[in-house]
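Listed here are the chains, written in short residue letters.
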Amino acid sequence: MHTLDWSNNCLSLINQTLLPNEVEYIECHDWQRVAEAIRRLEVRGAPAIGAAAAFAMVLGAKELRQQNLNMPELKEKLTQIADALRKTRPTAVNLFWAIDRMLTVVNQVPETANTQDVIAALQEAALTISEQDKAVNEQMAVHGASLFTAPTAVLTHCNAGALATVAVGTALGVIRKAWKQGNITQVFADETRPLLQGARLTAWELMQDNIPVTLITDNMAGWVMKNNMVQAVIVGADRIALNGDVANKIGTYSVAVLAKEHNIPFYVAAPSSTFDFTISSGDDIPIEERSESEVTSFGGNCVAPTGVKVFNPAFDVTPHSLVSAIITEYGILRSPYTESIKQLKQYCK
Ligand code: MRU
């Protein structure tokens, strides 16, 4: 299984909208198909969409080869493609981080270079983003697993696994490592309405690795905690502000409030590319709102009256006061986050 794979000028993506019923790959030969896949959530999860967008930039440059553009024209066209890719999803900052990194590469190519040089530079940059994501997740797993020193049952929300990244996963990477060390007894996976990333993806991924997983509906999390069935929560993130406020899949905030009430640590695992060093708090994070049909239907069947008013935010923001620690590839950040995130920023220069 691979989340995304680049070979022979083609980006292959596992179609996450069909899992777990069908394991099918989408072959993207142009950047527009990658943009479509990001919009439709065929590829989803903050690091995975960043890496997919990076390869979309390579495909865009290849497409422009036939147009015999001069260097300023080529750079202008690539900037337009980058702008279109930025519009696919607004919340996960990894998308913008990867696109900015690719544009920096474009702008560093000398004016005397040709289109082939730009393509080669972009391809190298996209492969680096993809390889680094795997390495970063492995480092995060090591740091995160150190938080689990005794057999623990954990709860997770959405899918922050290999499917949400290039490989390994963020929160699930930590769980995998801690499980190998004998410190995970059970993973409770919230189903994660409306699109069921927990039921369809997290449960599937963990079962593939024979990690004990129990699926619950989102509204069962409080009762599971009340009955001492979990001792820790660990989730991923889509964007983290300078003060440690965390945007993640809708429902994460409710889980964090419940964890606080039950004195259960609430951990976030996220690479440095998920931090937005330009915003001071979660109030500045754009929250994606998606189609009403995601709420009015379940498994393709309509479950609400026609014409009902719907609110469908895809993410929420958990205030930093509810976050026990943030696991990154550089180590574990603790409160006060304004200080620890300032230090992290130094590493990312
Ligand atoms: O809408 P999605 O499925 O892209 O949302 C994904 C999440 O919220 C994940 O928890 C987050 O991206 C972390 S991925 C390692």
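Whatever comes next refers back to the structure up there.
Residues numbered from 1 in each chain as written. Predicted model: local features only at pLDDT ≥ 70, side-chain atom pairs only at ≥ 80, totals over all residues. Heavy atoms only, no water.

## Details of the overall build of the protein chain
When helices and strands are counted, the protein chain shows eleven helices and 15 strands. Here the C-alpha radius of gyration of the protein chain, 20 Å, is about what a compact globule of 349 residues would show, namely 20 Å. In terms of its C-alpha atoms, the protein chain occupies a principal-axis envelope of roughly 65 × 50 × 40 Å. Among the 349 residues that make up the protein chain, the fraction classed as buried is 56%. Taking contacts inside the protein chain between residues at least 6 apart in sequence as the whole, the part at least 24 apart equals 75%. Counting only carbon and sulfur atoms, one obtains 51% of the accessible surface of the protein chain, whose full area is about 14800 Å². Taking the average place of the 28 positive charges on the side chains of the protein chain and the average place of its 36 negative ones, the gap between the two points comes to 3 Å. (Helix = DSSP H or I, 4+ residues; strand = E, 2+ residues; numbered from the N terminus. Rg over C-alpha atoms; globule rule 2.2 N^0.38 Å. Buried < 20%, exposed > 50% of the residue type's maximum accessible area, 1.4 Å probe, protein only. Contact = heavy atoms within 4.5 Å. Areas by Shrake-Rupley, 256 points an atom, 1.4 Å probe, with all protein chains shown as cover. Lys, Arg positive; Asp, Glu negative; His and termini not counted. Charge placed at Lys NZ, Arg CZ, Asp CG, Glu CD.)

## Quick look at the packing of helix 3 (residues 71-86) against helix 5 (residues 115-145)
Two numbers describe how helix 3 lies on helix 5: the axes approach to 10 Å, and their chain directions differ by 40 degrees. Residues M71, L74 and L78 of helix 3 lie in contact with helix 5, whose contacting residues are T115, V118 and L122. Residue composition of the contact of helix 3 with helix 5, grouped by class: five nonpolar, one polar and no charged. (Axes fitted to C-alpha atoms, helices over the stretch in contact; angles between N-to-C directions. Nonpolar A, V, L, I, M, F, W, Y, C, P; charged D, E, K, R; others polar.)

## Structural notes on the pairing of strand 7 (residues 232-235)
Along any regular strand the residues' side chains alternate between the sheet's two faces. Because side chains alternate across strand 7, one face comprises the buried residues A232 and I234, and the other comprises V233 and V235, equally buried. With two bridges connecting them, strand 4 (residues 152-156) and strand 7 associate as parallel partners. Each residue of the ladder has a partner; that of V154, found in strand 7, is A232. Across three bridges, the pairing between strand 7 and strand 10 (residues 266-269) is parallel. Bridge pairing in strand 10 places V233 opposite F266. (Pairing = 2+ DSSP bridges.)

## Section: helix 3
Here helix 3 is 16 residues long and its end C-alpha atoms lie 22 Å apart, about the 22 Å a rise of 1.5 Å per residue gives. Taken as a whole, helix 3 has its buried residues at M71, L74, K75, L78, I81, A82 and L85. Buried positions in helix 3, seen along its axis, are confined to an arc of 120 degrees and lie on one side of it. Packing partners of the buried residues in helix 3 comprise helix 1 (31-40), helix 2 (46-64), helix 4 (93-108) and helix 5. Of the residues that open helix 3, the one with a side-chain oxygen 2.9 Å from the backbone nitrogen of E73 is N70. (Expected span 1.5 Å × (residues − 1). Arc of directions from axis to C-beta. Polar contact = N/O pair within 3.5 Å; in protein donor to acceptor, adjacent residues only side chain to side chain.)

## Observations regarding the packing of aromatic side chains
One pass over the full model with this rule turns up four aromatic pairs. Judged by centre distance (6.0 Å) and plane angle (80 degrees), the rings of F148 and Y267 are edge-to-face. A residue pair is termed long-range when its members are at least 10 positions apart, and F148 in the loop between helix 5 and strand 4 and Y267 in strand 10 qualify at 119 residues. Exposure remark for Y267: the relative accessible area of 8% places this residue in the buried category. It is K249 that lies over the ring of F315; its NZ or CZ is 4.4 Å from the centre. (Phe/Tyr/Trp six-rings, centres within 6.5 Å; stacked < 30°, edge-to-face > 60°. Lys NZ or Arg CZ within 6 Å of the ring centre and 35° of its normal.)

## Comments concerning the layout of surface pockets
Taken as a whole, the largest pocket spans an internal volume of roughly 570 Å³. The wall of the largest pocket is formed by 26 residues, among which W97, R101, S272, S273 and C348 lie closest to the centre. Elements that contribute at least two residues to the lining of the largest pocket include exactly helix 2, helix 4 and helix 5. For the lining of the largest pocket, the element with the highest residue contribution is helix 4, accounting for six residues. (1 Å grid on protein atoms, 1.4 Å probe; cavity = no way out; pocket = protein on both sides within 12 Å on 5 of 7 lines; lining within 4 Å. Points joined across faces, edges and corners; volume = space filled by probe spheres on them.)

## Things to note about the pattern of salt bridges
As a working rule, side chains carrying opposite charge can pair if their charged atoms are close by. Evaluation of the coordinates by the stated rule reveals 15 salt bridges. In this structure, R86 engages D100 in a salt bridge whose closest nitrogen and oxygen atoms are separated by 2.6 Å. Placement of the pair is R86 in helix 3 and D100 in helix 4, with a sequence separation of 14 residues. Relative accessible area serves as the criterion here: at 22%, R86 is assigned to the partly exposed category. One salt bridge in this structure joins E288 and R290, with 2.8 Å as the shortest N-O distance. The pair E288 / R290 is uniform in exposure class, with both members buried. (Salt bridge = Lys/Arg side-chain N within 4 Å of Asp/Glu carboxyl O.)

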